[in-house]
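Architecture and fold: a report
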Amino acid sequence: MDEVTGLAYRSAGDFSGVGRPHEIAELIALITEGLHEAGAPGELESVVVTGSRLHEVLHPVPSRAPMNTAVVVLALDRERSNLALAVREAADLAGSILI
C-alpha cells in the first residue's frame, strides 16, 4: 500500500476487517508525526493493532525518497496466527521491496 496516496498495490485473502488503504496511510502518518514531535530517534518500525478477531501488522517499507513510502499490511486471524512471527516476516518482506 502506498502511504501517500493510500493506493493498495496487492491484496490476498479476506481484508474486510482491515481499514481502507487511505485510512491506514493516515494512521501511519499520524503515528510517525507524533513520534517525531515527541523527539523519538529513528523511524517508525511497525504498528501492531489487535482486535477481537484480527491482528493487523503495518510495516513501512524503507525508501530513499521521503514522499515515496509504501506500507506492508498483514491481517491475521487471531486464532490461527503467530503474531511475533508475522511481525518478523513483515519486516523481511518490507526489506525485500525496493522503492
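The following paragraphs examine the structure supplied in this document. (Residues numbered from 1 in each chain as written. Predicted model: local features only at pLDDT ≥ 70, side-chain atom pairs only at ≥ 80, totals over all residues. Heavy atoms only, no water.)

Attention shifts here to the overall build of the protein chain. For the protein chain, the count of helices and strands is two helices and three strands. Counting from the amino terminus, helix and strand elements in the protein chain follow one another as α-β-β-β-α. Scored against the burial criterion, the 99 residues of the protein chain give a buried share of 28%. Considering only contacts within the protein chain whose residues lie at least 6 apart along the sequence, 50% involve residues at least 24 apart. In the structure as shown, the protein chain presents an accessible area of about 6,600 Å², 53% of it carried by carbon and sulfur atoms. (Helix = DSSP H or I, 4+ residues; strand = E, 2+ residues; numbered from the N terminus. Buried < 20%, exposed > 50% of the residue type's maximum accessible area, 1.4 Å probe, protein only. Contact = heavy atoms within 4.5 Å. Areas by Shrake-Rupley, 256 points an atom, 1.4 Å probe, with all protein chains shown as cover.)

A word on the sheet that holds strand 1 (residues 47–50). Pairing is antiparallel across the open sheet formed by three strands, whose spatial order is 1-2-3. Since the sheet does not close on itself, it has two edges, and those belong to strand 1 and strand 3 (70–77), each with one partner. Pairwise comparison of adjacent strand axes, ignoring direction, gives a mean angle of 15 degrees for this sheet. Of the strand pairs in this sheet, strand 2 (residues 54–61) and strand 3 are connected by eight bridges, and their pairing is antiparallel. Looking at strand 3, one finds that Pro60 is bridged to Val71. Docked against the sheet, helix 1 (residues 21–37) engages strand 1, strand 2 and strand 3, running at close to 65 degrees with respect to strand 2. Set on the sheet, helix 2 (residues 83–96) makes contact with strand 1, strand 2 and strand 3; between it and strand 2 the angle comes to about 25 degrees. (Pairing = 2+ DSSP bridges. Axes fitted to C-alpha atoms, helices over the stretch in contact; angles between N-to-C directions.)

Before going further, it helps to spend a moment on the side chain of His55. Turning to its location among the elements, His55 is positioned in strand 2. For His55, a relative accessible area of 8% translates into the label buried. Each residue touching His55, except ones within four places of it in the same chain, is listed here: Val49, Thr50, Leu74, Ala75, Leu76, Arg78, Ser81 and Leu83.

Regular strands place side chains that alternate from one sheet face to the opposite one. Bridge count for strand 1 against strand 2 is four bridges, and the pairing is antiparallel. Bridge assignment links Val47 to a residue of strand 2, and that residue is Leu58. Hairpin connection from strand 1 to strand 2: three residues lie between these consecutive antiparallel strands.

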